Amino acid sequence: MLRSLVGSEMCIRDRCWSLPVSLMAAVYGFGMSYYFARVRLWSSRDPWYGLFLTSFTVTQLLDAFFWSLADGADHTVRCDPANLYFTKIVVSAAVFSQVFVITVFPSHLSRAWCNKFRAPYRLLPAAGALAMLIFGKCTYSTVTHGGIMQLPTLVYWGFVPSPFLFSCGVALWSVAALLFITPWWAATNILLVGGLNLVILNIIDGTILLVSKLCFYCLLLSILWLLEPLWTHRQLNSEPYVTMSVRRDSEYAEDLRERRESAQRAEQERLTLEKDAEELRRRAEEKLGNQIRCELDRATGGEPYESVYTFEQL
């Protein structure tokens, strides 16, 4: 029995949270992403669901890379130039791209008032990625304590975030979801699943600050979206700016610019026509007034007269 328990623990520590698990989680995540984006298409949200799952699944490939660098039975991830620059560049871009993905949610028409916030909001994750590019260090491995299981985990950028920094990251992600994702229940579902994932991590790892094992999040979220037809109706192309893929904001901005220019041209043409009409009226009044004076001169034999009539009265 003791030998069996030891063997189970070694399985958990040496194989269950390592390179094979990361690769299997990546295969599942990318498979579900493809299913939502290209196969199911239950609603206009499905392509975005696939894109969002992809942004999280990429982290499994990051984990697979770092576990491939692990040495020894304790899975120590060595710090070398490959680790350092991969962490600074690839990890930073991949993690903060998740917020970028939220800002391209297809709500350009259903929530048009927030379109002006999309581009400025992207400056925040860009600043976060830049900060990690400058200050980030090698990713290292550790074993969690305080939870129900002691499992290997990875710590990105070489440090455990403080509670304040962790809260800022959660706020950045949550505010984007509430601001850009529609309908409201789609945003709250994503947030609730994220909260449930943190609860699970706190039970297993004893902490949520590491934000490890994001495969849990992909799994829970994919299950939720698979069950979505149970409480929603099929609705494709409810957002004209989305068909089989997410339309880029630049294209939408180009449409707005063209419409604005067209409206400005129409207004300019209207003003020009009004000006021309006023000029024609003035000339017609002047010409008719001259004709009337000539007739009066002819009728009075050239005698002086005093006109008491206006153009409108005549």
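Criteria and thresholds
Residues numbered from 1 in each chain as written. Predicted model: local features only at pLDDT ≥ 70, side-chain atom pairs only at ≥ 80, totals over all residues. Heavy atoms only, no water. Helix = DSSP H or I, 4+ residues; strand = E, 2+ residues; numbered from the N terminus. Buried < 20%, exposed > 50% of the residue type's maximum accessible area, 1.4 Å probe, protein only. Areas by Shrake-Rupley, 256 points an atom, 1.4 Å probe, with all protein chains shown as cover. Phe/Tyr/Trp six-rings, centres within 6.5 Å; stacked < 30°, edge-to-face > 60°. Core = buried A, V, L, I, M, F, W, Y, C linked by side-chain atoms within 4.5 Å.

**Regarding the overall build of the protein**
From N to C terminus, the protein includes nine helices and four strands. The N-to-C order of helical and strand elements in the protein reads α-α-α-β-β-α-α-β-β-α-α-α-α. A total of 314 residues make up the protein; the buried ones form 39% of that total. For the protein, the exposed surface amounts to about 18100 Å²; the carbon and sulfur share of it is 65%.

**Notes on the packing of aromatic side chains**
Applying the stated rule across the entire model yields 20 aromatic pairs. Measuring from ring centre to ring centre gives 4.9 Å for Trp 48 and Phe 52, while their planes differ by 15°; the resulting arrangement is stacked. Of this pair, Trp 48 and Phe 52 both sit in helix 3 (residues 46-68), four residues apart, roughly one helical turn. Both residues of the pair, Trp 48 and Phe 52, count as buried. Ring geometry for Trp 48 versus Phe 105: centroids 4.9 Å apart, planes at 75°, classification edge-to-face. With Trp 48 in helix 3 and Phe 105 in the loop between helix 4 (81-103) and helix 5 (115-135), the pair connects residues that are 57 residues apart, well separated along the chain. A relative accessible area of 0% means that Trp 48 is categorised as buried.

**Overview of the nonpolar core**
If you look at the biggest cluster of nonpolar residues, it comprises 30 residues, and the most contacted ones within it are Trp 48, Phe 52, Ile 181, Ile 190, Tyr 217, Leu 221 and Trp 225. Of all the elements in the fold, those that place two or more residues in this core are helix 2 (19-40), helix 3, helix 4, helix 6 (163-180), helix 7 (184-205) and helix 8 (215-226). Considering every element that reaches this core, the biggest residue donor is helix 6, with six residues. Among the nonpolar cores identified, the runner-up in size contains 15 residues, and Ala 94, Ala 129, Met 132 and Tyr 156 belong to it.

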